[in-house]
Amino acid sequence: MTERQGDGGLGVPARFAGDEDFTTALNHAENRVGTGDPVLFFQTVLEIAVEWRMPAVERWAVARLMATGAPQLRLRWSSRSRDGRIRRDGRAPSVVRALAPAAGRVLVGTAGGEVLAWTAGAGLEPVLGSSGSSGGAVWTLSGNASAVFAGGGARGAVRAAGMAVPSDLPTAGGLRASAVSEDGLVACGNEGGTVRLWDGLRWADLESPRGSPIIALSFVGEDVLTMAAADGTRGSWLLKGEPVWRTEPPVPGPLSAAAFDAAGRLAFARDGGVEVAGEAEPVWRHASVRFLAWSPAGVLASSGRDVIRVGRPGEPPAEITGGGPVAFLDDRHLVTASGSEVVQWDLAGQGSHEAVTDRITALAVSPRHRWKAAAGTDTGALVEFDGHGSRSAAARLPGRLPVRRIAGHRDGWLVTSRAGAWRWTPGDGALRRLSSGGCDAVASSGEEYAFSRSNEVVSERDEILMTFDHTVTGIAYGPGGELAALAIDGEARLMSSRGTRTLRTEADSALVDVLADGIVVMTRSGRVQEVPAAGTVRVSPPKDSPVASGFSRGSLAWVHPDEGIGLIAPGAQTRLRRPGFTRVAAGPLRVVATDGRRVMGYDLLTPADGRRGGIAVRLTGRDGTSGPSAELPGGVRVDLPAGPVRDLSPEGDRKLMDRVRALLRSARGQGAADSGRLSRLMVERLSVPSFAGAALGDLLWCSGLDLELDRARGDDPELPVRIELDCAGVEAPAWELLRLTGAPLGWFAEPQVSIVRSVAVPGSPPAPGRHRPVLLALRGAQDELSFVDAAHEELRRRTALRSVHVEELRRIASADDLAPGALPRADILQVWAHCSDTDLRFSADHPPVSHERFIEALPAPLPAVVVLVGCRSGGLGRRLVEAGAGAVVAMRVEVMSHTITSLVDELTSLVLADLPVDQAFGRALRRYVLTGQPGAAAVPLLYLARRTSPDPTVQGEPPC
């Protein structure tokens, strides 16, 4: 991998030098955490790439983490990923109190007195450090291209950068508004209604009415300063010579916020609405507005308690979830702040909504589907997330009571609050009450569940399983169906097939996990221990860390607000030092954490121990039966739903064609066909397999194929990867169409992810040949194949000067033309003939040739690459590989042979140029699709030999 020079040793590929996404991500990451800790830096780049939807940057960051050689927590998704291309964010050192635009940047003032500058390309960069105890919070700030002014605090302390402004401004009360002109004049107004002007030499009080806080100041042009007070007073000063006060018509007060545009037009908020001075009608209704901002071109933003409205006066506004200070970076980008988080929104995009707007109080991962997670909030909201971080379902508990616990159960969730327990099934939207009264604990074994009812443990059949003296605070199931419960006083019970056992631990302990003959708890002091003690000393997370089990047997995930997130698992321990997390949940090979509103899903990324660039996936089942299964390299088994598999198969195509034939028969009886309906059916024939491939691809990727892709690439983010399907017995479906929803087929991805059909062949790979490669083409005697003659002659002409020998085109009519010795040995073989599941037909005047007879006619060793241009030739393709061919391209469905010419031509040229056959096939397929042919519906098959050498030192690599 070529690295960019001068990138600080970060290992950025040369082709990404100057790339906007890379530059933005690296700059933002460096401003967030610096580069002193490489792992933390790469993790931060990864978080930015995942949330901002930068796939190339994401692959690069993962590759750099892989290069460390140590296990890492790999961020897979975030609940903010869906807004990735329209949202940028950063975090200030403390709560943000004020924002202000300043010549291509937005100034940020904090409660700690820090002043920072936000730019789109670099994020937050410091301008002024903390003011310490003397200045306090920044209440107002302003600036121009070279200078920054900040003021606030009860004593009205001021600070500046880029200009010499004294900090000893005498004032009664804190500053509430300020403005800086292009030529360096500074104006500020305080709570008492006083406005002062700095002219570069001294502060001067400006004549104006006093008594009401100044809430807006702005320079209009070079000579006018305009102001608005909270009681609605308006005025301006002409600054030529001695400042002269001019009273302007007041607006009805009191005002909760006000802002001037570049021309001096005043927008103000009062009585639940936003208005513009001089306009008869309100701009829009908006309650509790505390901040207003104008863009240079007159777009207005108003910020209330939990929603921000943006638009031009007189037009319906757009909405962004949130509140707090607002400022425009330019006409397209709005910067907002909530707490210490600063967010830049692209107003040209869509979305702009947080999946969760309330504080998250509970979190869970589905034990059945590792890609599903759920969160509950302090207002009773329930949100389910899919494997991409998108909100897939939502509900709310009656009474808006805080959610206490969530546990995955079958295809839904168990939820508790102080008003009882519920079962939520997102698939049908059902929210069924299980009990009333306080419920502090709930658990599922996968098939059964139990929940607490004060001091009782109750089954799903409403049977009381255990009764304690005190409130039950924890319930969990063990690997063998054991059920454990823990009460607040430290009494625990373990129920198994051997009976019920009473255990004892410290009061206020938390139940973490269940063993076959005991439990695991975290004590109030933060120690993780087994009860009864089994001589095992467990590694404990930092004190006061919420913990979760379920990632794998014997594992423990934890989060800490200062220490970050960690995973303690057999054979692998790792942590991510990212502060701010509040809760954690674990499920099969997945950890999910939250910082209060954002939910993030992590995988454990371990160094690859498989073959670099290859992923072996085994599909089991039989064609024509429902529900085949896929086994991924990590041993994860995925049951594939029958419906999409059928849609990928000839069975689904046959059913659709039956509908077409029925329509045509009906048309003959009625005298005319419904052309519109017929057209829709034909479009459906092309589209359904593509949709089915995406549905199955989503399932496989989210079940762990995404992690295997990371591991196969290793430390090279641009390495092409080959997914090798062992699908003997499940040949019929078009597995080549597997992909993520919204993504291109892997053949067309960058880097390429090819899907090939792997055929196990005994023996070691053949030694590379030293002879000149030989290309042989065979075609049937049918007139419709005469175009092959011209195409072959063109190939001979173009390869005349290359190191390849092109044999004369052979026309085959019958089995007699395939007698022993009739054909020369070839390295690359093209076969143009009609094909079926059992034979080839070279001529209508002669019997077909069986697959066995055709293979016998080929001299040994069989060609390294065979291209079969014949309808449904996949069966012959597999048999050729089993007989010794290295790779075979075959047609999955009926094709018009002359349309395949471009694919065959490109594939042959690229293989002769020594490109690996799967990569050559991907490039050739791209050329084929670009000719306008139906690519997705007619993607050919590629079979590759997988050598199973008895010598353990020989890798089973496919040829080519």
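What counts and what doesn't
- Residues numbered from 1 in each chain as written.
- Predicted model: local features only at pLDDT ≥ 70, side-chain atom pairs only at ≥ 80, totals over all residues.
- Heavy atoms only, no water.
- Helix = DSSP H or I, 4+ residues; strand = E, 2+ residues; numbered from the N terminus.
- Buried < 20%, exposed > 50% of the residue type's maximum accessible area, 1.4 Å probe, protein only.
- Contact = heavy atoms within 4.5 Å.
- Pairing = 2+ DSSP bridges.
- Axes fitted to C-alpha atoms, helices over the stretch in contact; angles between N-to-C directions.
- Parallel < 35°, antiparallel > 145°, perpendicular 65-115°, else oblique.
- Left-handed = near helix turned anticlockwise from the far one by under 90°.
- Nonpolar A, V, L, I, M, F, W, Y, C, P; charged D, E, K, R; others polar.
- Core = buried A, V, L, I, M, F, W, Y, C linked by side-chain atoms within 4.5 Å.

Novice: Would you mind going over the overall build of the protein with me for this structure?
Specialist: Each helix and strand in the protein was counted, giving 12 helices and 69 strands. Burial statistics for the protein: of 960 residues in total, 55% are counted as buried. If you take every contact in the protein between residues at least 6 apart in sequence, the share linking residues at least 24 apart comes to 51%.

Novice: Could you clarify how one ought to interpret the sheet that holds strand β39 (residues 456-459) in this entry?
Specialist: Two orientations exist for strands paired in a sheet by backbone hydrogen bonds: parallel and antiparallel. Overall, antiparallel pairing links the 4 strands, which are arranged β37-β38-β39-β40 in an open sheet. Each edge of the sheet is formed by a strand with only one pairing partner; in this case those strands are β37 (442-444) and β40 (464-467). Neighbour-to-neighbour, the strand axes of the sheet open up by a mean angle of 20°, direction not taken into account. Sheet topology places β37 next to strand β38 (residues 449-453); 3 bridges connect them, and they run antiparallel. Following the sheet pairing, Ser-444 is matched in β38 by Tyr-449.

Novice: What's the story with the packing of helix α8 (residues 787-798) against helix α11 (residues 901-912) in this structure? I'm lost.
Specialist: Two quantities define a packed helix pair, namely the angle between the axes and the distance from one axis to the other. Closest axis-to-axis distance for the α8/α11 pair is 12 Å, and the angle between their directions is 25°. On the basis of the axis angle, α8 is roughly parallel to α11. With respect to the hand of their crossing, α8 and α11 are arranged in right-handed fashion. Together, Phe-787, Ala-791, Leu-795 and Arg-798 of α8 and Thr-901, Asp-905, Thr-908 and Ser-909 of α11 make up the contact between the two elements. Its residues placed into classes, the contact of α8 with α11 shows 3 nonpolar, 3 polar and 2 charged.

Novice: Is there a simple way to explain the environment of Leu-401 in this structure?
Specialist: Its place among the elements puts Leu-401 in the loop between β32 (391-396) and β33 (405-409). With relative accessibility at 17%, the residue Leu-401 sits in the buried group. For the pair Leu-401 and Thr-377, spaced 24 residues apart in the sequence, the C-alpha separation amounts to 8.7 Å. Leave out the neighbours within four places in its chain, and Leu-401 touches Thr-377, Asp-378, Thr-379, Gly-380, Ser-417, Arg-418 and Ala-419.

Novice: Before we go on, may I ask you to explain the pairing of strand β44 (residues 499-504) in this structure?
Specialist: Regular strands have side chains that alternate between both faces of the sheet. With 6 bridges joining them, strand β43 (residues 491-496) and β44 adopt antiparallel strand pairing. Looking at the pairing, Met-495 lines up with Thr-500 of β44. In sequence, β43 turns back onto β44 through a hairpin of 2 residues.

Novice: In this structure, what is going on with the nonpolar core? I would like to understand it.
Specialist: Nonpolar side chains tend toward joint burial in soluble globular proteins. Counting 68 residues, the largest nonpolar core has Leu-640, Ile-723, Trp-735 and Trp-747 as its most contacted members. Ranked by residue count, the leading element in this core is helix α7 (residues 675-713), at 9 residues. Residues in contact with Trp-735, not counting those within four places in the same chain, are Leu-619, Pro-628, Leu-640, Val-645, Leu-648, Leu-696, Leu-725, Cys-727, Val-730, Ile-755 and Arg-757. With 43 residues, the next largest nonpolar core counts Ala-61, Val-62, Ala-557 and Leu-576 among its residues.

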